[in-house]
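# Chains, contacts and geometry: an overview
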Amino acid sequence: MSGFGVVFDATRLTGTVAFGTAALACLRAAVVAPRGGSVWWALGAVQLACVLEVLLGLRYRLHIAVDALLQERGWYASRGDWQAELVFAVLALVAAIAGFIAWRQRDDGAKTAAVIGTALGVSLLGTETISLHRIDAVMYTQAGPLAVVVWMWLAAAAIVVVAALARRR
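Let us look at the structure shown here. (Residues numbered from 1 in each chain as written. Predicted model: local features only at pLDDT ≥ 70, side-chain atom pairs only at ≥ 80, totals over all residues. Heavy atoms only, no water.)

## Observations regarding the state of the cysteines
Counting across every chain of the model gives 0 disulfides. We note that Cys-50 lacks a disulfide partner, and the nearest cysteine sulfur, in Cys-26, lies 10 Å from it. Its relative accessible area of 4% is what places Cys-50 among the buried residues. (Disulfide = S-S within 2.5 Å. Buried < 20%, exposed > 50% of the residue type's maximum accessible area, 1.4 Å probe, protein only.)

Structure, rendered in structure tokens:
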């Protein structure tokens, strides 16, 4: 199935539904929140950005462009060392931002859980972008009808959806 130049395979379709459902849940929570809806709006926006990323596959295009640049400059063979450091840096940055937001929302378990679920989804997409082969081997292993990474997207989105539906009224 395709539309607008986007081919919908099981991975893209599942990711779009997962992150899209999480985005809608966050946006609903923002609309009905009597106060403090700004975090829900922000989480909804991040989830929508994840939908766009899954649809457009910019992480793959960026990876291909960086690989071409590295090959052109003769640095491709040594990329593994700094890729691991970059994965660590991205995960640390996402964890720090999510940790700060969660700490600010520590009295609201639903927001804290939604922040953590959103951070997990963003971390997965960021890790895919860097594409360290040892990590890719695990993430892209088939587990039934879907790759492991897609099941992780579903889990991250489920955390967000449950949190948004369970938020304090």
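Still more to cover.
## Things to note about helix α7 (residues 148-166)
Here α7 spans 27 Å end to end across 19 residues, near enough to the 27 Å set by a 1.5 Å rise per residue. Taken together, the buried positions of α7 are Val-149, Val-150, Trp-153, Ala-156, Ala-157, Val-160, Val-161, Ala-163 and Ala-164. In an axial view of α7, the angular spread of the buried residues amounts to 165 degrees, which keeps them on one side of the axis. Seen from the open side of α7, the exposed residues pointing more than 90 degrees away from its buried face are Val-162, Leu-165 and Ala-166. The secondary structure elements touched by the buried residues of α7 are α1 (10-32), α2 (37-56), α3 (58-73), α5 (109-130), α6 (133-139) and β4 (146-147). (Helix = DSSP H or I, 4+ residues; strand = E, 2+ residues; numbered from the N terminus. Expected span 1.5 Å × (residues − 1). Arc of directions from axis to C-beta. Contact = heavy atoms within 4.5 Å.)

## Thoughts on the pattern of salt bridges
By the definition in use, this model includes 3 salt bridges. A salt bridge links Arg-59 to Glu-128; its shortest N-O distance comes to 3.3 Å. Placement of the pair is Arg-59 in helix α3 and Glu-128 in helix α5, with a sequence separation of 69 residues. (Salt bridge = Lys/Arg side-chain N within 4 Å of Asp/Glu carboxyl O.)

## Considering the side chain of Thr-14
Inspection of the secondary structure puts Thr-14 in helix α1. For Thr-14, a relative accessible area of 19% corresponds to the buried category. Not counting residues within four places of it along the chain, the set of residues in contact with Thr-14 comprises Leu-146, Val-150 and Leu-154.

## Looking at the nonpolar core
Core analysis: the biggest nonpolar cluster contains 21 residues, and Trp-40, Leu-43, Ala-114 and Val-115 have the highest contact counts within it. When contributions to this core are tallied by element, the ones reaching two or more residues are α1, α2, α4 (79-104), α5 and α7. Setting aside chain neighbours within four positions, we find Ala-114 in contact with Trp-40, Leu-43, Val-160 and Ala-163. Among the nonpolar cores identified, the runner-up in size contains 12 residues, and Leu-125, Met-139, Leu-146 and Val-149 belong to it. (Core = buried A, V, L, I, M, F, W, Y, C linked by side-chain atoms within 4.5 Å.)

## Side note on α2
Quick reminder: α-helices carry 3.6 residues per turn. Residues three or four places apart thus point the same way. With 20 residues, α2 should reach 28 Å at 1.5 Å per residue; the first-to-last C-alpha distance of 29 Å fits that figure. Every buried residue belonging to α2 is among Gly-37, Val-39, Trp-40, Leu-43, Gly-44, Gln-47, Cys-50, Val-51, Glu-53 and Val-54, and all of these are buried. For α2, the elements touching its buried residues are α1, α3, α5 and α7. Backbone geometry just after α2 places Gly-57 at a positive phi near 65 degrees.

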